[in-house]
Amino acid sequence: MAPTVLKAKLPLTSACHHYDDLSQVPWDLQKYWHQRYSIFQHYDYDIRLTDDAWFGVTPEPVAAQIAADLSPRTPASDTIIDIFGGAGGNSIAFALSGKWRRVIAVEKDAATLACAQHNAEVYGVDEGAIVWVHGDCFEFLAQLKAGGDGLDPAVRCEGGDLAATTTIFASPPWGGVSYRDHDVFDLGQMRPYTLADLYEACRPMGHVLFLPRTSDIRQIARLAPEGKKVDVVQYCMEGASKAMVAFMPPLTAADSS
């Protein structure tokens, strides 16, 4: 299915859950449900998630801090694309930050995208502040980099210089919890998308990679353009790291030569 810009809210389905009581929660989600107010502070106001979405939501304080940290790092960029939009945690934080002229959220699962739209409404995000795209993010990025033919005008790069105006945020699936068993996690083993897959899809735009906290920093450093640095930050809550975030700089014509 080609990426489609939504003009209206998707309906919530039976897969869009709001669990009020532990007895309702599947056993493998109970740990996350106990942390629900860290994930979404306003959980009690009918926040909705699919069961799969619980595993990938960025905790709200971390999402807000990443959004704040991006402002000084991306002074010329006015568009941010959350390519694994999920249930909306990061997209909501970007929209509420006030930094971005356009926030674009891409999600291929319709039920999860319906949750994200609903959750943005719960958080008081203005209608139209987030452009919601239903479809595969890799197909979307390929079309965008090819000039945007076939894409809705709402998501095209008006000036033509993607590297200068657009930043990508990527919080990909990590392939389960096996990374917890590694002192240093090989990002070439991340599933279903490796570090190389993400880098190739996002370049030449600057991009922010939300990765397992034990990720091999040497693999990230090897992607830095000649003479440029990659900032890497551990984002923590209550003294424990939740993720390693790499801020990859945009590529210029000189970097490609």
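Look up: the structure comes first, before these words.
No experiment lies behind these values; they were computed from the predicted model shown.

Asker: Got a sec to walk through the packing of aromatic side chains? Specific residues and values, please.
Answerer: For the structure on display, the rule yields ten aromatic pairs. Plain terms: the ring middles of F94 and F169 are 5.3 Å apart, the flat faces sit at 75° to each other, and that makes the pair edge-to-face. Of the two residues, F94 sits in helix 4 (residues 89-97) while F169 sits in strand 5 (residues 166-170), which places them 75 residues apart along the sequence. The pair F94 / F169 is uniform in exposure class, with both members buried. Where F138 meets Y193, the ring centres are 4.7 Å apart and the plane angle is 45°; that geometry is what we call tilted. Of this pair, F138 sits in helix 6 (residues 137-145) while Y193 sits in the loop between strand 5 and helix 8 (195-202), and the two are 55 residues apart along the sequence. Since its relative accessible area comes to 14%, Y193 is described here as buried. Following the ring pairs from residue to residue traces out a cluster consisting of F94, F169, W174 and F210. For R36, the ring lying beneath its charged end belongs to W33, and the centroid distance is 3.6 Å.

Asker: Pulling in residues and values, what's your account of the sheet that holds strand 7 (residues 231-237)?
Answerer: Taken in spatial order, the eight strands line up as 1-4-3-2-5-6-8-7 in an open sheet, and their pairing is mixed. Looking at which strands have only one partner, the edges of the open sheet turn out to be strand 1 (4-5) and strand 7. Bridge count for strand 2 (residues 79-82) against strand 3 (residues 102-107) is four bridges, and the pairing is parallel. Among the inter-strand pairings, I81 is bridged to a residue of strand 3, identified as I104. Relative to the sheet, helix 3 (residues 60-73) contacts strand 2, strand 5, strand 6 (206-211), strand 7 and strand 8 (240-248), its axis offset from that of strand 7 by approximately 150°. Against the sheet, helix 6 engages strand 2, strand 3, strand 4 (130-134) and strand 5, with an angle of about 135° to strand 3.

What counts, and at which threshold
- Residues numbered from 1 in each chain as written.
- Predicted model: local features only at pLDDT ≥ 70, side-chain atom pairs only at ≥ 80, totals over all residues.
- Heavy atoms only, no water.
- Phe/Tyr/Trp six-rings, centres within 6.5 Å; stacked < 30°, edge-to-face > 60°.
- Helix = DSSP H or I, 4+ residues; strand = E, 2+ residues; numbered from the N terminus.
- Buried < 20%, exposed > 50% of the residue type's maximum accessible area, 1.4 Å probe, protein only.
- Lys NZ or Arg CZ within 6 Å of the ring centre and 35° of its normal.
- Pairing = 2+ DSSP bridges.
- Contact = heavy atoms within 4.5 Å.
- Axes fitted to C-alpha atoms, helices over the stretch in contact; angles between N-to-C directions.

These results come straight from atomic positions and should not be treated as a statement about function.
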